[in-house]
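# Remarks on the overall topology
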Amino acid sequence: MGSSRSTFPAYISSYGYPTSESSSWRGAPATHRHHRGQPIRASYTIPRPPPPNVFSNDSSPGVPASLWFADDFMLGAGMVIIQPSTGKVVVLSDEDTDERGQKHIQYFLPKGRKDVGESLEQTALREAYEESGYRVSFLPLIIPSHAPNPTGAGGTVHRWLPSSEPIYLHLYQWSRGHYGRDDTGGEYLTLWYVGQIGPDAVVETGTRMPDEVGYQTHLVSREEAMRLLHGGELLRIVDKAYQLFEDTRARIQDPDWQQFLRNVLGVDPAVYATWPNLELEGPVLAYPVERTAEEWYEDPPDGEPGNSQRAAAQPAL
């Protein structure tokens, strides 16, 4: 790691401002001279902002703490739609004509701005339905989220049980004038969720907004989706969503995970036998947890193995 401060030689102008040897500043006189006729050289340090926090390999570096007024930001939601029975992914396309009259096909995922009074989960489901034509529900996945558990579930069981929390937060700026002459631009924050469609799902007509009627819906393999969404954030979002889908499917069938649920969380693994068709209450799963993992570790019930044995039963996360 380099220093957060940069040292460089500079001349001193008679105005008292540091100027580099190649300075192009206007109005500054020649270098102030020493009584022996030699220019005075000095070193100055200019502070640099601290480097951004680097998170996991799945994320971009952190952004500085910010505060945006209502007129300078928008909230939205998008969705990766997977058909668990086939493993296929929903991708949308639209035809665009450039300034030279040449047509291009753009591929993307359903997303859009939150309506007034609407939750972001409702936004994700509505946008998925409007733009794709599919009736979509959340796909419960085991997600390493820092969101606290519902009241009564306690602890950190959300890292071990399926939920429908967002998997990504995407941030970008919209340009000045995008929403009118007086628009100064702003920040657009989009939460990305993972949804699912059934094996017999069909695309309904008449669901799209007037500026979306040209959209086409494609149900393609994971590999084809990655090819169509070549490069950029959408490819990474789909790739991570599919990884979580495959990991959750394998975890639910894993005897060690089932033993952990039974012995540590006091949950009957049969509750998840119908995955991915689980009953959700709002954005999170209604956890059937009798005690938190922390409570089991601190106070094992009579006849249960001790903490060391209990820890050995915990599946790798």
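Model, not experiment: these values are computed from the prediction.

## Re the side chain of Glu127
As for its placement among the helices and strands, Glu127 is situated in helix 1 (residues 120-132). With near-sequence residues (within four places) excluded, Glu127 lies in contact with Ala77, Pro110, Lys111, Gly112, Arg113 and Ser132.

## What about helix 3 (residues 232-252)?
The end-to-end C-alpha distance of helix 3, which contains 21 residues, comes to 31 Å, matching closely the 30 Å that a straight helix rising 1.5 Å per residue would cover. Where helix 3 is concerned, the buried positions are Ile237, Val238, Lys240, Ala241, Tyr242, Leu244, Phe245, Thr248, Arg251 and Ile252. Buried-residue contacts for helix 3 involve strand 4 (73-83), strand 5 (88-97), strand 9 (168-174), strand 10 (186-196), helix 2 (222-228) and helix 4 (255-265).

## Some details on the confidence of the model for the protein chain
In this model, the protein chain carries a mean pLDDT of 78, and residues with pLDDT of at least 70 account for 70%. Taken element by element, the protein chain is modelled with least confidence in strand 1 (residues 5-12), mean pLDDT 35, and with most confidence in strand 11 (residues 216-220), mean pLDDT 98. Across residues 281-297, confidence stays below pLDDT 50; counting only partners more than four residues off in sequence or on other chains, it has 61 contacts. Low pLDDT (under 50) marks residues 299-314, which in the prediction has 24 contacts with non-local residues, meaning those over four places away or in another chain.

## Regarding the layout of surface pockets
Estimates place the volume of the largest pocket at around 880 Å³. Lining of the largest pocket is provided by 26 residues; of these, Asp58, Ser59, Ser60, Tyr168 and Leu169 occupy positions nearest its centre. The greatest single-element share of the lining of the largest pocket, amounting to five residues, is contributed by helix 3. Taken together, the residues of the lining of the largest pocket break down into 15 nonpolar, seven polar and four charged. Lining the second largest pocket are 26 residues, with Lys111, Gly112, Arg113, Glu131 and Tyr188 sitting closest to its centre.

## Section: the packing of aromatic side chains
Inspection of the entire model under this criterion finds seven aromatic pairs. Both rings, one in Tyr172 and one in Tyr188, keep their centres 5.5 Å apart while their planes meet at 50°; by these two values the pair is tilted. With a gap of 16 residues between them, Tyr172 in strand 9 and Tyr188 in strand 10 connect regions that are remote in the sequence. Take Tyr188: its relative accessible area is 6%, and that puts it in the buried class. Taking 5.4 Å as the distance between ring centres and 75° as the angle between the ring planes, the aromatic pair formed by Tyr242 and Phe245 counts as edge-to-face. Taken together, the residues Tyr242 and Phe245, both in helix 3 and three residues apart, mark about one turn of the helix. The exposure class assigned to Tyr242 is buried, which follows from its relative accessible area of 8%. Taken together, the ring pairs in this structure connect Tyr242, Phe245 and Trp275 into an aromatic cluster.

## A short note on the pairing of strand 6 (residues 103-108)
Strand direction decides the pairing type here: strand 5 and strand 6, joined by six bridges, are antiparallel. For Glu95, the partnering residue across the bridge sits in strand 6 and is Ile105.

About the thresholds
Residues numbered from 1 in each chain as written. Predicted model: local features only at pLDDT ≥ 70, side-chain atom pairs only at ≥ 80, totals over all residues. Heavy atoms only, no water. Helix = DSSP H or I, 4+ residues; strand = E, 2+ residues; numbered from the N terminus. Contact = heavy atoms within 4.5 Å. Expected span 1.5 Å × (residues − 1). Buried < 20%, exposed > 50% of the residue type's maximum accessible area, 1.4 Å probe, protein only. pLDDT = per-residue confidence, 0-100. 1 Å grid on protein atoms, 1.4 Å probe; cavity = no way out; pocket = protein on both sides within 12 Å on 5 of 7 lines; lining within 4 Å. Points joined across faces, edges and corners; volume = space filled by probe spheres on them. Nonpolar A, V, L, I, M, F, W, Y, C, P; charged D, E, K, R; others polar. Phe/Tyr/Trp six-rings, centres within 6.5 Å; stacked < 30°, edge-to-face > 60°. Pairing = 2+ DSSP bridges.

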